[in-house]
Amino acid sequence: MPYTEQDFENAIIELMRDNLGYDYLYGPNIIRDYRSPLYEELLLSSLSDINPKLSQDAINEAIYKLKNFESVQLLQKNSVFMDYLQNGIEVSTVYNGETKYDRVKLIDYDNTDRNSYCVINQWTVVENEEKRPDVVVFINGLPLVVIELKSCSREQTDVSAAYRQLRNYMKDIPCIFSYNIFCVMSDLATSKVGTITSAEDRFMEWKTTSGDYEETKYAMFDVLFEGMFVKKRLLDIIKNFILFSDDNKILAGYHQYFAVKKAIERTKTATETDGKGGIFWHTQGSGKSLSMVFYTKLLQAALNSPTVVVLTDRNDLDDQLYGQFAKCKDYLRQVPEQAENRADLKKLLAGRVANGIIFTTMQKFEESAEPLSNRRNIILMADEAHRSQYALDEKIDSKTGKVSLGFARLVRESLPKATFIGFTGTPISVKDRSTREVFGEYIDVYDMTQSVEDGATRPVYYESRVINLGLNEEVLKSVDAEYERVAEQAEEYVVEKSKKELSTMDSILGAEATIKSLCNDIVTHYEDRQDLLTGKAMIVAYSRPIAMKIYAEILRLRPEWSEKIKVVMTSDNNDPEEWKDIVGGKGYRSELARKFKNDNDEMKIAIVVDMWLTGFDVPSLATMYIYKPMAGHNLMQAIARVNRVFGDKEGGLVVDYVGIASALKQAMKEFTLRDRKNYGDTDISKAALPKFIEKLTVCKDLFHSFDISKFENGSDLDRAKAIVGGINFIIADEQEKNLFIKEALYLKQSASLCRSLLDKTQRFEAAFFEAVRTAITRIVTGKKLSLKEINDRINELLKQSIKSDGVINLFSDVKTEFSLFDAAFLEDIAKMQQKNLAAELLKKLIQEQISVYKRTNLVKSELFSEKMGRLMNSYRNGQLTNAEVIDELLKMAADIAKDHKAGDEMGLSVEEKAFYDALLKPSAIKDFFSNEALVQITKELTQMLSKSRTVDWQKKEQARANMRSMVKRLLKKYKYPPEGQEEAVDVVISQCEMWTDNGDAE
């Protein structure tokens, strides 16, 4: 017996009921208004229980507000509801002629057991359609979590099918998602959680029940439920770990939740002891900025509303982080402020005894060492805490004798009683005693390995192109020396020395011949790779003049790229006049940021120097060209721009033109042991290329007896025939076809990283297998096949992968979507030389039509399904040739088309025709009735059933019994033969159920 979706549903209910203590109810047994997703009876009693001091009028007003949102948009409704859920609903009541304001709590967060927790399956909601989500979790009558389950035994329905179903629910019954905190989807093997705005790739696993990363290697479905739905933790998540940022609803990941909880406990201890809150190391791209927001919110309750000072070391980082907090001001219930200077910072601190979120930069602490505030309830959060920023030592200028204090000393003396916590995306150096002396030891470490395993980030790969520039040994030595200069940027004498040497490096890296070689190589590399994702790339230039030279040379090579490539850097009063229009001002840079973050915008390539290398996220950015010496955490922060999750992006690619390999290895020494093992050498020649060769070999082995050489050496027509021939060849064997689809996808992903290393033959072979894979996926597994789409896709693949402008037409006469009832199209398929492909196309078409019949006409769908099963068995067993099975399939298509028209000819609707076929199912019925009499019975039966059906009737035994009795009475009235009556009643009721379930069909 297969393990069905119903079995899995029962398992989840059992876990929630028996292990987690939730009450269980069966949806159809609850008498209610199906147009409301709320469990109103429970809601009313629960709100009265948890708000004992409030009047019934106050409770009623709160329920009225809950049911009547002012906005019409789902996201805005959900945002208002989350505010109600986290903070209560403000209501006004009149006492002795005076208006008094109260807050009605929807959840009692302080007394976990005073709330009502229910898990309900088959909860019907009627809105645009009638739908029944698998499982809904209720707290106090509010449908907070929708759980969609799929069987792990059915290959065609997996967790992705559950995601699509959730998205369809949001269109069909959006009202239930107004009250949603998050959704869960699971096929038992994979279980993920996300919000109503989460794309499928942003649904994440919850991998631990205790916060121990050792548990996370093998996440099971029960870990998600037992990790998130323990009552006290679920309330904590609702109250403190869900927020809105712009149009995104964000749920904390498991690593953020447990790390923030640890940070709060460490901070509590630090405020009472040495003020060292610790260091929070979560690798870049894993949501560190949002963790800071969650931490700040939780601090308010944990430490009785302290003042939070957020410290960065650059104005652009200050703006970025401030912007993130500002987007979350409703969640924080405070408006963050930016200090303009030290005096303003002092004023902001002095003007309060509690609360406040104040952003400032390191530079504001240099102006004086006098205390800004002596309060203990100040928490200083430092972003990117590193030795260069947090030196404690005093320094003496050898020329003037002036003593200057290290930044960390200045900050400490300015806020002598504050508690310090450091947030970083890269590790603190083992030698870095200063940073540890300021902040203390690590609170939590979430490394690259864990982040990639969790799907929170993608791995970053490395490709060296230094040799392409022809840089000699002396130049490389100069670059190495520059690394040493930038490694300790905060040391004043090093910075001065670096400035003096800048002109030398500019002359080396900015030489005309070198810039030409660089730009030629970048353009070639980019065009080989531009079919990847959205084509977004970043070029990191050594200096501002070199950035402008790169821009000018690329536009000389590709003048049509004027909107595609832009320079992003600050302007200077001494800039040449011709730079002004290219560089622009702050507003222009903001517009470029908006354009670069828009995947569909024509701006694809950004040339940067320092800007956008930290704190700037573009998930689709997949390629970074580095023409600037970098080292340590600066290098790691920069390359992390390409590690964000986006679609089927395999990873980010860093293309090195100045020899950063040694600096990369040096920087990795401070990372965790498993990070060094997994990502210490991510050179594509050693990481991605072997994987590509392995997958190419597998695909070639699957095609070992098929000649693909003409795809590389032949004409466009030869290539077209090779693609169609390849499709026909591989789909002949079902097992090999499925293996090929999987392996060819891996081949495509690895090719996207190492295409520049491939020879001509490898590029053509990869393009061939990708064209075949794409076409098969569309034909065999796609929901709807458009031959024009296949043609267009293959044309595009050829243009991008092998730079051919030839037009490939698999089916030259077909320009639009096809129809099963299009005789010309069926004839075209019958004439195809590739008979395996023709049979596959026909089989797919007919199976789609049968699946439609299953929802509308049970009897006919069963007949056609049985016929299709027998036919395909004979074909697979070799009893029918290709030509014979095509002939039989065409006959079946004609039968389906004929049956499609039969109802119209008799004047029957689709529903009436289904019941007509149900009455005809018992054998010999036509001997008893004329066709006219059967049509009359059918019409009366349809009218009677339509009037008598109620919502969820098929779930209630009494309702089902009443329907059966009505059908029996009608058949007796027309003297329907007793020996066929029971079978006819069964089929009619089944058909009636199928119609009721039609809207919920998968």
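Quantities reported herein were computed from a predicted structural model and do not represent experimental measurements.

Chemist: Could you give me a rundown of the side chain of Thr449, with the residues and numbers involved?
Modeler: Mapping Thr449 onto the fold places it in helix α16 (residues 448–454). With near-sequence residues (within four places) excluded, Thr449 lies in contact with Arg674, Asp675, Asn678 and Tyr679.

Chemist: Kindly report on the sheet that holds strand β26 (residues 623–627), identifying the contributing residues and their values.
Modeler: Taken in spatial order, the six strands of this open sheet run β22-β27-β26-β23-β25-β24, and their pairing is parallel. Single-partner strands in this sheet number two, and they are β22 (460–464) and β24 (565–568). The average undirected angle you get between the axes of adjacent strands in this sheet is 20 degrees. Where β24 lies against strand β25 (residues 605–608), four bridges are found, and the strand directions are parallel. Looking at β25, one finds that Val567 is bridged to Ile607. In the packing of helix α20 (residues 544–557) onto the sheet, contacts are made with β23 (537–541), β24, β25 and β26, and the angle to β24 comes to roughly 170 degrees.

Chemist: Please give an account of the nonpolar core that cites residues and values.
Modeler: Within the largest apolar cluster, 116 residues are counted, with the highest numbers of intra-cluster contacts made by Phe182 and Phe229. Non-local contacts of Phe229, meaning those with residues more than four positions away in its chain, are made with Met16, Leu20, Tyr22, Val137, Val145, Phe182, Val184, Leu224 and Leu234. Residues Ile639, Tyr679, Phe692 and Ile741 belong to the second largest nonpolar core, which totals 106 residues.

Chemist: Explain the confidence of the model for the protein chain to me, and be specific about the residues and the numbers.
Modeler: With 82% of its residues at a pLDDT of 70 or more, the protein chain has an overall mean of 82. Across residues 781–787 the pLDDT falls below 50, and counting only partners more than four positions away or on other chains, this stretch makes 23 contacts in the model. Low pLDDT, under 50, characterises residues 797–818; the stretch is placed with 58 contacts to residues that sit more than four places away or in other chains.

Chemist: How would you summarise the packing of helix α23 (residues 632–639) against helix α24 (residues 661–668) if you had to cite specific residues and measurements?
Modeler: In the contact formed by α23 and α24, the axes pass within 9 Å of each other and the chain directions differ by 100 degrees. Comparing the axis directions of α23 and α24 gives the class roughly perpendicular. Of the residues in α24, those in contact with Gly632, Leu635, Met636 and Ile639 of α23 are Ala663, Leu664, Ala667 and Met668. Its residues placed into classes, the contact of α23 with α24 shows seven nonpolar, one polar and no charged.

Chemist: Now, about the sheet that holds strand β4 (residues 117–121): what can you tell me, with residues and values included?
Modeler: Taken in spatial order, the six strands make up an open sheet running β1-β4-β7-β8-β9-β10, and their pairing is mixed. The outermost strands of the open sheet, each flanked by one partner alone, are β1 (23–26) and β10 (191–194). For this sheet the average axis-to-axis angle between neighbouring strands, irrespective of direction, equals 20 degrees. One ladder, built from five bridges, connects strand β7 (residues 135–139) with strand β8 (residues 142–149); its direction is antiparallel. For Ile139, the partnering residue across the bridge sits in β8 and is Leu142.

Chemist: Which residues make up the packing of aromatic side chains, and what are the values?
Modeler: Within the structure shown, the criterion is met by 39 aromatic pairs. Aromatic side chains Tyr163 and Phe203 sit 5.5 Å apart centroid to centroid with 80 degrees between the ring planes, which places their arrangement in the edge-to-face category. With Tyr163 in helix α5 (residues 159–172) and Phe203 in the loop between β10 and α7 (221–228), the pair connects residues that are 40 residues apart, well separated along the chain. Classification of Tyr163 as buried rests on a relative accessible area of 13%. The exposure class of Phe203 is buried, given its relative accessible area of 2%. Aromatic pair Phe706 and Phe768: ring centres 6.3 Å apart, planes at 15 degrees, arrangement stacked. A residue pair is termed long-range when its members are at least 10 positions apart, and Phe706 in the loop between α26 (688–702) and α27 (709–713) and Phe768 in helix α30 (residues 760–781) qualify at 62 residues. Classification of Phe768 as buried rests on a relative accessible area of 0%.

Chemist: Talk me through the pattern of salt bridges; I want residue IDs and the actual numbers.
Modeler: When charged atoms on two side chains of opposite charge get close, those side chains can pair. Per the stated rule, a full pass over the model turns up 37 salt bridges. Across the pair Asp108 and Lys105 runs a salt bridge, and its minimum N-O distance is 3.8 Å. Residue classification places Lys105 among the partly exposed positions, given a relative accessible area of 32%. Asp383 is paired through a salt bridge with Lys288; the nearest N and O atoms lie 2.8 Å apart. With Asp383 in strand β17 (residues 378–383) and Lys288 in helix α10 (residues 288–302), this residue pair connects regions lying 95 residues apart in the sequence. Classification of Asp383 by relative accessible area gives buried; the value is 9%. Bridged by salt links that share partners, the residues Lys105, Asp108 and Arg114 form one connected network.

Chemist: Can you tell me about the environment of Leu871, naming the residues and giving the values?
Modeler: Residue placement: Leu871 occurs in helix α34 (residues 858–876). Along the backbone, Leu871 and Val885 are 14 residues apart, and their C-alpha atoms lie at a distance of 7.2 Å. Leave out the neighbours within four places in its chain, and Leu871 touches Leu880, Val885, Glu888, Leu889 and Met892.

Chemist: Got a sec to walk through unusual backbone geometry? Specific residues and values, please.
Modeler: Positive phi is not limited to glycine here, since Gln122 has a value of about 55 degrees. Tracing the chain through its elements places Gln122 in the loop between β4 and β5 (125–126). Even without being a glycine, Asn355 presents a positive backbone phi close to 60 degrees. Tracing the chain through its elements places Asn355 in the loop between α13 (342–350) and β16 (357–361).

The rules behind these values
- Each residue is numbered by its place in its chain's sequence as written, counting from 1.
- This being a predicted model, a pLDDT of at least 70 is required before a residue's local features are given, and a value of 80 or more before pairs of side-chain atoms are given or counted; all residues contribute to the totals for chains, interfaces and linings.
- Hydrogens are left out, water is left out, and the side-chain values use all remaining heavy atoms of the structure.
- Numbered from the N terminus, helices here are DSSP runs of H or I no shorter than four residues, and strands are runs of E no shorter than two.
- In what follows, a contact means two residues having at least one pair of non-hydrogen atoms within 4.5 Å.
- In this analysis, strands are considered paired if DSSP registers two or more bridges between them.
- Fitted lines through C-alpha atoms serve as axes, helices being fitted only where they are in contact, and the angles separating the N-to-C directions of these axes extend from 0 to 180 degrees.
- In this text, buried Ala, Val, Leu, Ile, Met, Phe, Trp, Tyr and Cys residues form a nonpolar core when linked through side-chain atoms within 4.5 Å.
- Working definition: with a 1.4 Å probe on protein chains only, accessible area under 20% of the residue-type maximum means buried, over 50% means exposed, and in between means partly exposed.
- The predictor's confidence in any single residue is recorded as pLDDT, a number from 0 to 100.
- When describing relative orientation, an angle under 35 degrees is termed roughly parallel and one over 145 degrees roughly antiparallel, while 65 to 115 degrees is termed roughly perpendicular and anything else oblique.
- For this scheme, ten residues count as nonpolar: Ala, Val, Leu, Ile, Met, Phe, Trp, Tyr, Cys and Pro. Four count as charged, namely Asp, Glu, Lys and Arg, and the remainder, Gly too, count as polar.
- Geometry of aromatic contacts follows a simple scheme: Phe, Tyr and Trp rings, the Trp one being its six-membered ring, pair when their centres are within 6.5 Å, and the pair is stacked under 30 degrees between planes, edge-to-face over 60, tilted otherwise.
- What counts as a salt bridge is simple: a side-chain nitrogen of Lys or Arg found within 4 Å of a carboxyl oxygen of Asp or Glu.

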